[in-house]
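# Tertiary structure, described
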Amino acid sequence: VSESDVTLTYALTAGSLPSGASLNTSTGAITGISAVGSDTVSNFTITATVADASEGTSVDVSRAFALTIAAPVTQTFNYTGSAQTLSIPSGLTSVTATMWGGAGGGSIGESVTGTGGAGGFATGDIDVSSISSLAVIVGGGGGITGNGSSRGSRAYPNGGLGSLRSGYENGHGGGLSGVFNGSFTFANSLIIAGGGGGSGGKGGAGVGSTGGHGGGTTGGGGHSSNAGGQMTTTGATQSAGGVQTAAAGRPNGTAPGQLQGGDAGNGQAWSTSWNATGGGGSGYYGGGQIDDNHAGGGGGSGYLHPSLVSNGTLTGLGHAV
């Protein structure tokens with residue numbers, strides 16, 4: 001008997017395949033199974049037929065299956081102010097993550113309020129086939145400085161600080177939210193939603209300043225009330241923190257960087273009333289800060305790992321309300 005005369009085929013002979021599935025009649029592979037809302041059992045029979053064309057004979061072998069399709073497991077992580085751990089169970093190959101960055105803090109100055117930038121949105125499917133655990137970071141919203149009394153605490157993790165100035169309450173930048181391979185480091189970044197920039201106190205134009213939104217691939221820029229609403233800080237990008245513009249002689253802040261929003265200069269040390277400014281949001285790179293012009297900080301950028309994350313989306317959402 002020649003091997004070319006013998007064929008092996010597969011057929012569904014009883015029951016139904018799981019929803020969305022199809023049977024390859026040449027190999028017997030079952031592929032394309034759709035996700036289900038609850039655990040679902042499918043009962044079916046596959047028959048393999050071996051046919052010998054030279055002899056004109058065939059043999060059928062059948063097997064019954066009861067295949068359980070498990071529903072996806074959802075786990076929600078809330079804000080704790082520290083890194084949380086998700087251990088990857090054996091056999092799990094993909095995790096879908098969805099997150100929002102923390103919003104920037106608002107501001108109060110001369111009876112006019114300013115608005116912090118909204119946190120960014122990020123989602124994607126993480127390939128965890130070679131990953132043992134994920135570090136999950138839930139970012140906090142930016143707070144507000146005291147009226148010349150206390151600068152307060154930065155938002156977790158690494159939101160930039162607003163300036164401290166008597167007569168103004170200025171917003172801190174929001175913290176990033178993200179998922180990291182094993183531990184919270186820049187090199188281990190998988191998915192990040194950027195934090196929004198904090199708002200600065202009111203300036204001469206009679207309106208509150210606005211912080212830039214979190215990224216998105218690029219964070220939004222912060223706007224100055226004192227300069228008629230023009231953008232004076234920029235959001236972070238995929239390769240660098242945001243930048244600032246500042247008048248000579250203003251107190252220096254701390255530049256943004258990897259996973260770190262920029263700190264505004266401490267305006268309390270400067271005699272002019274212009275130094276009431278917001279901090280930058282943290283992100284893959286942090287948003288820019290400013291030491292002048294009653295401006296909001298820039299938003300941090302989001303991030304999707306180029307090879308370990310698929311079906312990803314990064315979105316900047318505008319200003320917080």
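Below you will find a few notes about this structure.

The rules behind the values
Residues numbered from 1 in each chain as written. Predicted model: local features only at pLDDT ≥ 70, side-chain atom pairs only at ≥ 80, totals over all residues. Heavy atoms only, no water. Helix = DSSP H or I, 4+ residues; strand = E, 2+ residues; numbered from the N terminus. Buried < 20%, exposed > 50% of the residue type's maximum accessible area, 1.4 Å probe, protein only. Contact = heavy atoms within 4.5 Å. Areas by Shrake-Rupley, 256 points an atom, 1.4 Å probe, with all protein chains shown as cover. Pairing = 2+ DSSP bridges. Phe/Tyr/Trp six-rings, centres within 6.5 Å; stacked < 30°, edge-to-face > 60°. Core = buried A, V, L, I, M, F, W, Y, C linked by side-chain atoms within 4.5 Å. 1 Å grid on protein atoms, 1.4 Å probe; cavity = no way out; pocket = protein on both sides within 12 Å on 5 of 7 lines; lining within 4 Å. Points joined across faces, edges and corners; volume = space filled by probe spheres on them. Nonpolar A, V, L, I, M, F, W, Y, C, P; charged D, E, K, R; others polar. Patch = residues over 30% accessible without salt bridge, like charges linked within 9 Å, V, L, I, M, F, W, Y side chains within 5 Å. Salt bridge = Lys/Arg side-chain N within 4 Å of Asp/Glu carboxyl O. Axes fitted to C-alpha atoms, helices over the stretch in contact; angles between N-to-C directions.

This brings us to the overall build of the protein. Scanning the protein for helices and strands turns up 0 helices and 16 strands. Burial analysis of the protein (321 residues in total) assigns 48% to the buried set. At a minimum sequence separation of 6, the contacts of the protein that also span at least 24 residues come to 65%. Surface exposure of the protein reaches about 13,900 Å², of which carbon and sulfur atoms provide 51%.

Spatial ordering of the open sheet is given by β9-β8-β12, a layout of 3 strands whose pairing is antiparallel. In this open sheet, the two edge strands, each paired with only one partner strand, are β9 (112-114) and β12 (168-169). Across 3 bridges, the pairing between strand β8 (residues 107-109) and β9 is antiparallel. When the bridges of β9 are listed, Ser-107 appears paired with Gly-114.

Throughout the structure, instances matching the rule amount to 7 aromatic pairs. Ring geometry for Phe-186 and Tyr-285: centres 5.4 Å apart, planes at 70 degrees, overall edge-to-face. Placement of Phe-186 in the loop between β13 (177-181) and β14 (189-193) and of Tyr-285 in the loop between β14 and β15 (303-304) is noted, with a sequence separation of 99 residues between them. A single burial state applies to Phe-186 and to Tyr-285, both of which are buried. Note on Tyr-284 and Tyr-303: the rings are 4.0 Å apart at their centroids and 10 degrees apart in plane angle, and the pair reads as stacked. Separated by 19 residues along the polypeptide, Tyr-284 in the loop between β14 and β15 and Tyr-303 in strand β15 bring together distant segments of the chain. The pair formed by Tyr-284 and Tyr-303 is uniform in burial state, with each residue classed as buried. Among the aromatic residues, those joined into a ring-pair cluster are Phe-186, Tyr-284, Tyr-285 and Tyr-303.

Right, let's get into unusual backbone geometry. Going from Tyr-156 to Pro-157, the amide bond is cis rather than trans, its omega being -10 degrees. Note on placement: Pro-157 falls in the loop between β11 (133-137) and β12. Residue Gly-215 is joined to Gly-216 through a cis peptide bond whose omega torsion reads 20 degrees. Secondary-structure assignment places Gly-216 in the loop between β14 and β15. A positive phi angle, near 60 degrees, is found at Leu-259, a position not held by glycine. What makes Leu-259 buried here is its relative accessible area of 6%. The backbone phi angle of Asn-311 is positive, close to 55 degrees, even though this residue is not glycine.

What follows deals with the nonpolar core. In terms of nonpolar packing, the biggest core is built from 19 residues, with Ile-126 and Leu-134 touching the most fellow members. Of all elements in the fold, only β7 (94-100), β10 (121-127), β11, β14 and β16 (309-315) reach the threshold of two or more residues within this core. Not counting the four nearest positions on each side in its chain, Ile-126 is found in contact with Thr-93, Ser-94, Val-95, Ala-97, Val-179, Leu-190, Ile-191, Leu-308 and Val-309. With 12 residues, the next largest nonpolar core counts Ile-137, Leu-176, Ala-236 and Leu-259 among its residues.

Another aspect to go through is the layout of surface pockets. When its volume is computed, the largest pocket comes out at roughly 790 Å³. Along the walls of the largest pocket sit 24 residues, with Gln-75, Phe-77, Val-95, Thr-96 and Ala-97 positioned nearest its centre. Those elements giving two or more residues to the lining of the largest pocket turn out to be β6 (84-87), β7, β11 and β13. The element best represented in the lining of the largest pocket is β7, accounting for 7 residues. In the lining of the largest pocket, the residues fall into 15 nonpolar, 9 polar and no charged.

Let's shift gears to a nonpolar patch on the surface. Together, Val-6, Leu-8, Val-50, Val-59 and Val-61 make up a nonpolar patch on the protein surface, roughly 390 Å² of accessible area in all. Of all elements in the fold, only β1 (6-15) and β5 (57-69) reach the threshold of two or more residues within the nonpolar patch. Mapped onto the elements, Val-61 comes out in strand β5.

Attention shifts here to the sheet that holds β5. One open sheet accounts for 3 strands, arranged β1-β4-β5; its pairing is antiparallel. The open sheet has two free edges, formed respectively by β1 and β5, since each of these has just one partner strand. Going across the sheet, the axis of each strand differs from the next one's by a mean of 25 degrees, ignoring polarity.

The next point concerns the pattern of salt bridges. Under the defined criterion, the tally for this structure stands at 1 salt bridge. With a shortest N-O distance of 3.0 Å, Asp-263 and Arg-154 are connected by a salt bridge. Remark: Arg-154 occurs in the loop between β11 and β12 and Asp-263 occurs in the loop between β14 and β15; sequence separation between them is 109 residues.

Turning our attention to the environment of Ile-69. In this structure, Ile-69 sits in strand β5. Between the C-alpha atom of Ile-69 and that of Ala-35, which follows or precedes it by 34 residues, the distance is 7.9 Å. In this view, Ile-69 contacts Pro-18, Ile-33, Ser-34, Val-36, Ser-38, Asp-39 and Thr-40; residues no more than four positions away in its chain are not counted.

Functional significance is not addressed by these values, which are geometric in nature.
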